[in-house]
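Architecture at a glance
Each chain, letter by letter, is given below.
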Amino acid sequence: MLAQLSWHVPLTRSMRHHTGVTSAQFSPDGQRVVTASWDRTARLWDAASGKPIGKSMQHEFLVRSAQFSPDGQRVVTASWDKTARLWDTASGKQLGEPMKHKGYVISAQFSPDGLRVVTASRDKTARLWDAVITTDKDMTEDILLLAELAEATSGVTLETVGQAENFKLLAPEQIIASREKIAAKFLGSSSKLTSLQRVMKWSVADRRSRTISPFLQVTVSEWLENRIKEGTVEGLRAAIQVDPASARVTAHLGRRLAEQALKQASDSDEARRARGEAEFLTNRALKLAPDSDEVKRLRDEVIKLLGSELGSRNRRN
């Protein structure tokens, strides 16, 4: 038989630095590439053509890695000049102050929500840093809009009359108008918005359909479904905090607590609390969704589990 042969052909011209390239990564949308190099720079490139985009991001010593933020609007670089740095991908300008270590920084990466950066260094430490920075892209108009959102959220505005400052309750129609104005301003793709704009857009979005955070693509319903599939008590408790009216989450937590009660000593305080909470939660879930077959099934399972546990305890006594 003839062995299959394959050839790998470059799709673009070379993305060339002056010396060795230490890392390369696609942007989240696949449209750009960021590279890091021993020549003390990181660079952005167009993924379709291989052409450089904007100015290079300059360090004082070799750049060990460069990574995009989840929204693709920032890059974090790690350098042997003992710093990690944030950069705006649109302008190529550095954002904020360098994140300093006492030794070479060998990696830097954003958290999944884009709010923090974790760095690792030859100084034997890893560190977490706040990555939310207000930039010159956040126009005065957006700052004032954020203040209006804060007032609409609290339902209170502060009025200054002479030397006195008085709190004034906002009418419901004023609150609705402010939220609608913000929602209308930020229509369209979130990938084109600044971090501040994304937070405001997310804050006024429908809670039933919005993402779990301003910087993630997972919706609340998808996140809740993942907690149900995982089936841990801790995850289900977190899910109830996000959506206290979810009958499915409530019933699944009750079912899990009933199982937990069976694994504990039947006369322990922990077992008694778990039994009581399982009974309460599944009963509440049934009231929230009386027509749900899944909730009914989980309620019946809890009754059987607790009933069998009670029967076993009575036989032992």
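Look up a bit, the structure's there.
Please read these numbers as outputs of a predicted model, since none were measured by experiment.

Focus on the sheet that holds strand E3 (residues 41-46)
- Pairing within the open sheet is antiparallel, and its four strands lie in the order E1-E2-E3-E4. At either end of the open sheet lies a strand with only one pairing partner, and these are strand E1 (21-26) and strand E4 (52-58). Neighbour-to-neighbour, the strand axes of this sheet turn through a mean angle of 15°, independent of strand direction.
- The sheet contact formed by E1 and strand E2 (residues 32-37) spans five bridges and is antiparallel.

Considerations on unusual backbone geometry
- Even without being a glycine, Lys-82 presents a positive backbone phi close to 75°.
- Residue Lys-82 is classed as partly exposed on the basis of its relative accessible area, which comes to 38%.
- The backbone of Lys-124 shows a phi angle near 75°, a positive value even though the residue is not glycine.
- Checked against the element boundaries, Lys-124 lands in the loop between strand E10 (116-121) and strand E11 (126-130).

Quick notes on the packing of aromatic side chains
- As enumerated under the stated definition, the model contains four aromatic pairs in all.
- Ring centres 6.2 Å apart and planes at 80° place the aromatic pair Phe-61 and Trp-80 in the edge-to-face group. Within this pair, whereas Phe-61 is found in the loop between E4 and strand E5 (63-68), its partner Trp-80 is found in the loop between strand E6 (74-79) and strand E7 (83-88), the two being separated by 19 residues in sequence.
- A relative accessible area of 33% places Phe-61 in the partly exposed class.
- The class of Trp-80 is buried, set by a relative accessible area of 18%.
- Taken together, the ring pairs in this structure connect Trp-38, Phe-61, Trp-80 and Tyr-104 into an aromatic cluster.
- Stacked on the ring of Trp-45, the Lys or Arg Arg-43 has its end atom at 5.8 Å from the ring centre.
- For Arg-210, the ring lying beneath its charged end belongs to Trp-202, and the centroid distance is 3.9 Å.

A look at the environment of Leu-253
- Mapped onto the elements, Leu-253 comes out in helix H6 (residues 247-263).
- For the pair formed by Leu-253 and Gly-235, sequence separation is 18 residues and the distance between their alpha carbons is 9.1 Å.
- Residue contacts for Leu-253: discarding those within four places in its chain leaves Val-233, Leu-236, Arg-237, Ile-240 and Leu-281.

Focus on the packing of helix H4 (residues 220-230) against helix H5 (residues 233-242)
- The N-to-C vectors of H4 and H5 enclose an angle of 155°; their axes lie 9 Å apart at closest approach. Regarding the angle of H4 to H5, the classification is roughly antiparallel. In this structure, H4 meets H5 at a crossing whose hand is left-handed. For the pair formed by H4 and H5, the contact residues are Val-220, Trp-223, Leu-224, Arg-227 and Ile-228 on the first element and Gly-235, Leu-236, Ala-238, Ala-239 and Val-242 on the second.
- In terms of residue class, the contact of H4 with H5 is made up of eight nonpolar, one polar and one charged.

Examining the nonpolar core
- Formed by 17 residues in total, the largest nonpolar core has its most connected members in Leu-224, Val-249, Leu-253, Leu-257 and Ala-258.
- If we skip the residues at most four places from it in the chain, Leu-257 touches Val-233, Arg-237, Ala-274, Glu-277, Ala-278 and Leu-281.
- Counting residues in hydrophobic clusters, the runner-up holds 11 residues, among them Ala-78, Met-99, Val-105 and Val-117.

Let's talk about the side chain of Ser-111
- Mapping Ser-111 onto the fold places it in the loop between strand E9 (105-110) and E10.
- Among residues more than four places away in sequence, those in contact with Ser-111 are Pro-70 and Arg-116.

Considerations on the sheet that holds E9
- What the three strands build is an open sheet, ordered E9-E10-E11; its pairing is antiparallel. Looking at strand neighbours, the two that pair on one side only are E9 and E11, the edges of this open sheet. Across the sheet, the mean angle from the axis of one strand to that of its neighbour is 20°, orientation sign disregarded.
- Here E9 runs beside E10; their pairing, made up of five bridges, is antiparallel. Each bridged residue has a counterpart across the sheet, and for Ser-107 the counterpart in E10 is Ala-120.

Focus: the environment of Phe-26
- Structurally, the position occupied by Phe-26 is in strand E1.
- Here the alpha-carbon distance between Phe-26 and Gly-72, two residues 46 residues apart in the chain, equals 9.4 Å.

A word on the pairing of E10
- Every second residue of E10 is oriented toward a common face, the buried set being Val-117, Thr-119 and Ser-121 and the non-buried set Arg-116, Val-118 and Ala-120.
- Hairpin connection from E9 to E10: five residues lie between these consecutive antiparallel strands, with Gly-114 at a positive phi of about 75°.
- With five bridges joining them, E10 and E11 adopt antiparallel strand pairing. Its bridge partner lying in E11, Arg-116 is registered against Asp-130.

Points about the pattern of salt bridges
- What the rule picks out here adds up to 14 salt bridges.
- The salt bridge involving Asp-71 is made with Arg-198; its shortest N-O contact spans 3.3 Å. Of the two residues, Asp-71 sits in the loop between E5 and E6 while Arg-198 sits in helix H3 (residues 195-203), which places them 127 residues apart along the sequence.
- With a relative accessible area of 5%, Arg-198 lands in the buried category.
- Taken together, the shared-partner salt bridges in this structure form one network comprising Arg-255, Arg-256, Glu-259, Arg-297 and Glu-301.

Quick notes on the rules
Residues numbered from 1 in each chain as written. Predicted model: local features only at pLDDT ≥ 70, side-chain atom pairs only at ≥ 80, totals over all residues. Heavy atoms only, no water. Pairing = 2+ DSSP bridges. Helix = DSSP H or I, 4+ residues; strand = E, 2+ residues; numbered from the N terminus. Axes fitted to C-alpha atoms, helices over the stretch in contact; angles between N-to-C directions. Buried < 20%, exposed > 50% of the residue type's maximum accessible area, 1.4 Å probe, protein only. Phe/Tyr/Trp six-rings, centres within 6.5 Å; stacked < 30°, edge-to-face > 60°. Lys NZ or Arg CZ within 6 Å of the ring centre and 35° of its normal. Contact = heavy atoms within 4.5 Å. Parallel < 35°, antiparallel > 145°, perpendicular 65-115°, else oblique. Left-handed = near helix turned anticlockwise from the far one by under 90°. Nonpolar A, V, L, I, M, F, W, Y, C, P; charged D, E, K, R; others polar. Core = buried A, V, L, I, M, F, W, Y, C linked by side-chain atoms within 4.5 Å. Salt bridge = Lys/Arg side-chain N within 4 Å of Asp/Glu carboxyl O.

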